[in-house]
Amino acid sequence: MVDRGALVMGIDVVVIGAGAAGLMCAAIAGKRGRRVLVLDHANKVGKKILMSGGGRCNFTNTVTDPDDFVSENAHFCKSALSRYTPWDFIDLVERHGIAYHEKKLGQLFCDNSSKDILGMLLTECERVDVEIKTHCKITSITKSLTDPDAPFVINSSSGVIEVKKVVIATGGLSIPTMGATGFGYQIAEQFGHEIVATEAALVPFTLSKEQLQAFDGLSGVSANVVVSCENQSFREAMLFTHRGFSGPAMLQISTYWKPGKNITINWLPDIDALVYLQEQQEAKPNTELKTILSEHLSKRLVLSLMGGGIENKSMRQYTIQQIEAIAQKLSCWEIMPAGTEGYRTAEVTIGGVSTNKISSKTFESQNVSGLFFIGEVVDVTGHLGGFNFQWAWASGVAAGQVV
Ligand SMILES: Cc1cc2nc3c(=O)[nH]c(=O)nc-3n(C[C@H](O)[C@H](O)[C@H](O)COP(=O)(O)OP(=O)(O)OC[C@H]3O[C@@H](n4cnc5c(N)ncnc54)[C@H](O)[C@@H]3O)c2cc1C
């Protein structure tokens, strides 16, 4: 045990942040015989792993592709993702005898609990004598910039630590109650790195009072839609909440949305709305529009959508122009969300430490040798579906192989 204020030496690598990326990096570095110390200010390690995937951790996605990630530099993620693939992680999961299943679209979840994934990482760390300290407050990290061989000096509640390699794996800003802080960005700026503006992502939308009134009574109702914004589209389920829109479709598009922008919803993604309405007009001229639409959408949703300026009458009473206008409205329904629920409920943070001055091979800073940034703290954000963990594993392994 280290006394408060004592000088800690004999450590090769300090990893700050005992989350997905940090634990993976520590285990890999430990396997290479490096003496690794992991520091975390929280009372428990891997909290986001535990709460992920509704408690079952969507730990990877078998169809991971660089296109599933957002960054100012779309190429940055390619190297690490190609060197540590979902199949490498699946192999590790299988070696630990963890049961898993594919839910949809390549998304792999634990059969039992996220605890299995955290337990696996901790076992990997334990096997190679990685030391992990929780409740550790880090007050400063300094290094002489004139002497490249000088160690980093970490002032922490676990002592003053001198070490040659420091890995920042402190994650993003989402869910502050789980221990998220902007510490990684602060250290990056201190050592001359730029920060790409951060924003909550994979987050539910909030609506204005008037918008919520239009969708009154729909909280808890879901619909399969295509939602679009900024040339991106996702075909998934959406969910009405008492504050706005959630569900996978909305979480995905939130990554691309900016305040003041509209999102476009196609409520009838399985059919060509115009062709369908024209066919129905011919086949069922005396049936009302709301009855026709209820064949594809929930009755309550139909009433809400029609409240937004679509008059209900028998199909034969509509002119061709009106049918065209209704089809257009149902397939390109535009709405401007009031905002998002923010970091309180967001799954990730978009933006972060700019990739400009970081090696995509090793994750080492090009400003300061021996300083590394991995995981979500870096300006690489995955779509929903296990991509963010795959990024944490891949970047953690890449740095772990060189620190
Ligand atoms: C509710 C929720 C569900 C999610 N579900 C999924 C999912 O199913 N699949 C998926 O791929 N992704 C999911 N994610 C995203 C995923 O959890 C993150 O992208 C991933 O954990 C990032 O890994 P990381 O190691 O970079 O950061 P984290 O896992 O967040 O770890 C960062 C660590 O750094 C520590 N830390 C922070 N500041 C300091 C400081 N100042 N000093 C010391 N330590 C510090 C924190 O306590 C934490 O332990 C989910 C996120 C949330 C919030």
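Quick caveat: nothing in here was measured; it's all calculated off a predicted structure.

### What about the domain arrangement of the protein?
Segmenting the protein into domains produces domain 1 (7-200 + 348-400) and domain 2 (205-340). On a C-alpha basis, the centroid separation for the pair domain 1 and domain 2 is 40 Å. Listed per partner, the contact involves 6 residues of domain 1 and 7 residues of domain 2. Between domain 1 and domain 2, a total of about 690 Å² is buried, with carbon and sulfur atoms accounting for 56% of that surface. For domain 1, the biggest contributors to the area lost against domain 2 are Lys104, His383 and Leu384; these three give 57% of the whole. In this assembly, domain 1 and domain 2 are joined by 1 salt bridge. Across the domain 1-domain 2 interface, the total number found is 3 residue pairs in polar contact (both at pLDDT 80 or more). Of the residues contributing to the side of domain 1 that touches domain 2, the split by class is 4 nonpolar, 1 polar and 1 charged.

### With respect to the environment of Arg316
One can find Arg316 in the loop between α11 (299-307) and α12 (320-331). With a relative accessible area of 52%, Arg316 lands in the exposed category. Once the C-alpha coordinates of Arg316 and Ala283 are considered, the two residues, 33 residues apart in sequence, prove to be 9.9 Å apart. Residues within four places of Arg316 in sequence aside, it is in contact with Gln281, Pro285 and Asn286.

### Let's talk about the packing of helix α1 (residues 20-31) against helix α13 (residues 387-400)
For the pair α1 and α13, the least separation of the axes is 7 Å and the interaxial angle reads 30°. Two packed elements cross with a definite hand, and for α1 against α13 that hand is right-handed. Contacts between α1 and α13 involve Ala20, Ala21, Met24, Cys25, Ile28 and Ala29 on the former and, on the latter, Phe389, Ala392, Trp393, Gly396, Val397, Ala399 and Gly400. Here the contact of α1 with α13 is built from residues that sort into 11 nonpolar, 2 polar and no charged.

### So, the sheet that holds strand β1 (residues 7-8)
By definition, the strands of a sheet pair up through backbone hydrogen bonds, in either a parallel or an antiparallel sense. In space, the 4 strands of this open sheet follow the order β1-β11-β10-β9, with mixed pairing throughout. Each edge of the sheet is formed by a strand with only one pairing partner; in this case those strands are β1 and β9 (138-143). In this sheet, strand β11 (residues 159-163) lies alongside β1 in parallel orientation, the contact comprising 2 bridges. Residue pairing across strands places Val8 opposite Ile161, the latter belonging to β11.

### Some thoughts on the environment of Ile271
Its location among the elements puts Ile271 in the loop between β18 (263-266) and α9 (273-283). The spacing of Ile271 and His296 is 25 residues in sequence and 9.4 Å in space, taken between C-alpha atoms. The contacts of Ile271, once residues within four sequence positions are left out, are Tyr276 and His296.

### Some points on the layout of surface pockets
Of the voids in this model, the second largest pocket is the one considered here, and its volume is about 410 Å³. Lining the second largest pocket are 20 residues; nearest its centre among them are Glu199, Thr255, Trp257, Lys258 and Ile350. Those elements giving two or more residues to the lining of the second largest pocket turn out to be β13 (195-201) and β21 (348-353). The leading source of residues in the lining of the second largest pocket is β13, at 6 residues. The residue inventory of the lining of the second largest pocket, partitioned by class, reads 9 nonpolar, 6 polar and 5 charged.

### Things to note about the packing of α1 against helix α5 (residues 115-127)
Running from N to C, α1 and α5 point in directions that differ by 30°, and their axes come no closer than 8 Å. Between α1 and α5, the crossing angle belongs to the class labelled roughly parallel. Relative to α5, the crossing made by α1 is left-handed. For the pair formed by α1 and α5, the contact residues are Leu23, Met24, Ala26, Ala27 and Lys31 on the first element and Leu118, Leu121, Leu122, Glu124 and Cys125 on the second.

Here is what the cut-offs are and how they apply
Residues numbered from 1 in each chain as written. Predicted model: local features only at pLDDT ≥ 70, side-chain atom pairs only at ≥ 80, totals over all residues. Heavy atoms only, no water. Domains from an automatic or database assignment. Contact = heavy atoms within 4.5 Å. Buried area = accessible area lost by both parts, 1.4 Å probe. Salt bridge = Lys/Arg side-chain N within 4 Å of Asp/Glu carboxyl O. Polar contact = N/O pair within 3.5 Å; in protein donor to acceptor, adjacent residues only side chain to side chain. Nonpolar A, V, L, I, M, F, W, Y, C, P; charged D, E, K, R; others polar. Helix = DSSP H or I, 4+ residues; strand = E, 2+ residues; numbered from the N terminus. Buried < 20%, exposed > 50% of the residue type's maximum accessible area, 1.4 Å probe, protein only. Axes fitted to C-alpha atoms, helices over the stretch in contact; angles between N-to-C directions. Left-handed = near helix turned anticlockwise from the far one by under 90°. Pairing = 2+ DSSP bridges. 1 Å grid on protein atoms, 1.4 Å probe; cavity = no way out; pocket = protein on both sides within 12 Å on 5 of 7 lines; lining within 4 Å. Points joined across faces, edges and corners; volume = space filled by probe spheres on them. Parallel < 35°, antiparallel > 145°, perpendicular 65-115°, else oblique.

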